Amino acid sequence: MIVQLSADVFAASSVDKLDLAALKTFLAHPPPERAPPPDRTFLIERTSRETDEDQVVFRTYLVEPDALLSDRDIADAEVTWDTRTGRPEVMLTFTAAAAVRLEELTAANVGRRLAIVLDNEINSAPVIEGRIAGGRARITLGGFYPPAQLRQEARDLAAVLLCGSLSLPLVLANEER
C-alpha cells in the first residue's frame, strides 16, 4: 500500500471501456506540454458506476510518487457501520510506528486526499478530515449508491488494505472534477 499526496485533481469523466487502455497510456506518457511536474505522477480511480452506454466513470489524480505508508503499517481493517448515517465505513488500526507517521501526515494535510493505490490504480481516495491520532482511522463511504453496493465497496476496500503481498500504496492525491 502506498500513500501519496497531491496538489491537483484533474477530471471526473467517462470513457468507453475500450478506450481505457489508451487513457492509461496517455497518462503514463503525456505530451511534454501536459506532463506533470517531475515529483508527481498521474493515476486513475475507476468509480463503481458504469453508464448504460458501456462506459466506465473514472477520476484522474496527480499524486506524489513515493509511498508514505504501506500495507505493513496496517494492523487491522474491518467493515463497520456509522450509526448516524447508516453507511458502511472501514475502521483501520495502524502499527505503533505507523501511527506516529500517520498523525504527522494527516495534521499537515487536512483537506487533501489520501490515495490508496493497488496495481498502479487508485482504489480509494478519501479526504483527510482532520489530524488522525491514536493509530486508528475511519474511512467513510459516501455517494448515492445502493446500500448493498456500498457494503461491497467497504468489504473490497478492507480486503485491499490488508493484502500485504500486493504492495499497496497510500499516497496523497488531489482531484479535479
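Everything numeric here is computed off the predicted structure, so don't read it as measured data.

Trainee: Now, about the overall build of the protein chain: what can you tell me, with residues and values included?
Mentor: When you go through the protein chain residue by residue, the secondary structure sums to three helices and 11 strands. The N-to-C order of helical and strand elements in the protein chain reads β-β-α-β-β-β-β-β-α-β-β-β-α-β. In the protein chain, of all internal contacts separated by at least 6 residues, the share reaching a separation of at least 24 is 72%. Accessible surface for the protein chain amounts to roughly 9,400 Å². Of this, 51% is attributable to carbon and sulfur atoms.

Trainee: Describe in detail the pattern of salt bridges, supporting the description with residues and values.
Mentor: Going through the model one piece at a time under the given rule, you end up with nine salt bridges. The salt bridge involving Asp-39 is made with Arg-40; its shortest N-O contact spans 3.3 Å. For Asp-39, a relative accessible area of 43% puts it in the partly exposed group. A salt bridge links Arg-59 to Glu-45, with the nearest nitrogen and oxygen atoms 3.2 Å apart. With a gap of 14 residues between them, Arg-59 in strand β4 (residues 55–63) and Glu-45 in strand β3 (residues 41–50) connect regions that are remote in the sequence. The exposure class of Arg-59 is buried, given its relative accessible area of 15%. Through salt bridges that share partners, Asp-82, Arg-84, Glu-89 and Arg-138 make up one connected network.

Trainee: Break down helix α2 (residues 96–107) for me, citing the residues and quoting the values.
Mentor: If you check α2, its first and last C-alpha atoms are 17 Å apart, about what 12 residues at 1.5 Å a residue would give, namely 16 Å. Buried within α2 are the following residues: Ala-98, Ala-99, Leu-102, Leu-105 and Thr-106. The buried side chains of α2 occupy one side of the element, clustering within an arc of 130° when seen end-on. Opposite its buried face, α2 presents the exposed residues Ala-96, Ala-97 and Glu-104, each directed more than 90 degrees away.

Trainee: Summarise the sheet that holds strand β6 (residues 74–81); cite the residues concerned and give the values.
Mentor: The strands making up a sheet associate through backbone hydrogen bonding, with each pair oriented either parallel or antiparallel. The three strands are arranged β6-β7-β10 in an open sheet whose pairing can be described as antiparallel. Each edge of the sheet is formed by a strand with only one pairing partner; in this case those strands are β6 and β10 (136–140). Pairwise comparison of adjacent strand axes, ignoring direction, gives a mean angle of 20° for this sheet. When β6 meets strand β7 (residues 88–94), the two strands line up antiparallel, connected through seven bridges. Bridge pairing in β7 places Trp-81 opposite Pro-88. The strands touched by helix α3 (residues 147–162) within the sheet are β6, β7 and β10, with β6 carrying the most contacts at an inclination of about 175°.

Trainee: Which residues make up the environment of Ala-96, and what values do they have?
Mentor: Topologically, Ala-96 is positioned in helix α2. Separated by 23 residues in sequence, Ala-96 and Asp-73 have C-alpha atoms that sit 8.5 Å apart.

Trainee: So, the confidence of the model for the protein chain: which residues are in play, and what are the values?
Mentor: Per-chain confidence: the protein chain averages 78 in pLDDT, with 76% of residues scoring 70 or above. Here residues 6–12 is modelled with pLDDT under 50, and outside its nearest four sequence neighbours on either side it reaches 37 contacts, counting other chains as well.

Trainee: Summarise the nonpolar core; cite the residues concerned and give the values.
Mentor: Ranked by size, the top nonpolar core spans 23 residues in total, and within it Val-90, Leu-92, Phe-94, Ile-139 and Leu-161 carry the most contacts. Aside from chain neighbours lying at most four places away, what touches Phe-94 is Leu-69, Asp-73, Ile-74, Ala-75, Ala-99, Leu-102, Gly-135 and Ala-137.

Trainee: Please provide a residue-by-residue account of helix α1 (residues 20–28), values included.
Mentor: Three or more residues of α1 are buried, namely Leu-20, Leu-23 and Leu-27. Taken down its axis, α1 places every buried residue within 55° of arc, on the same side. α1 presents Ala-21 and Ala-28 as exposed residues on the side facing more than 90 degrees away from its buried surface.

Reading guide: rules and limits
- Residues numbered from 1 in each chain as written.
- Predicted model: local features only at pLDDT ≥ 70, side-chain atom pairs only at ≥ 80, totals over all residues.
- Heavy atoms only, no water.
- Helix = DSSP H or I, 4+ residues; strand = E, 2+ residues; numbered from the N terminus.
- Contact = heavy atoms within 4.5 Å.
- Areas by Shrake-Rupley, 256 points an atom, 1.4 Å probe, with all protein chains shown as cover.
- Salt bridge = Lys/Arg side-chain N within 4 Å of Asp/Glu carboxyl O.
- Buried < 20%, exposed > 50% of the residue type's maximum accessible area, 1.4 Å probe, protein only.
- Expected span 1.5 Å × (residues − 1).
- Arc of directions from axis to C-beta.
- Pairing = 2+ DSSP bridges.
- Axes fitted to C-alpha atoms, helices over the stretch in contact; angles between N-to-C directions.
- pLDDT = per-residue confidence, 0-100.
- Core = buried A, V, L, I, M, F, W, Y, C linked by side-chain atoms within 4.5 Å.

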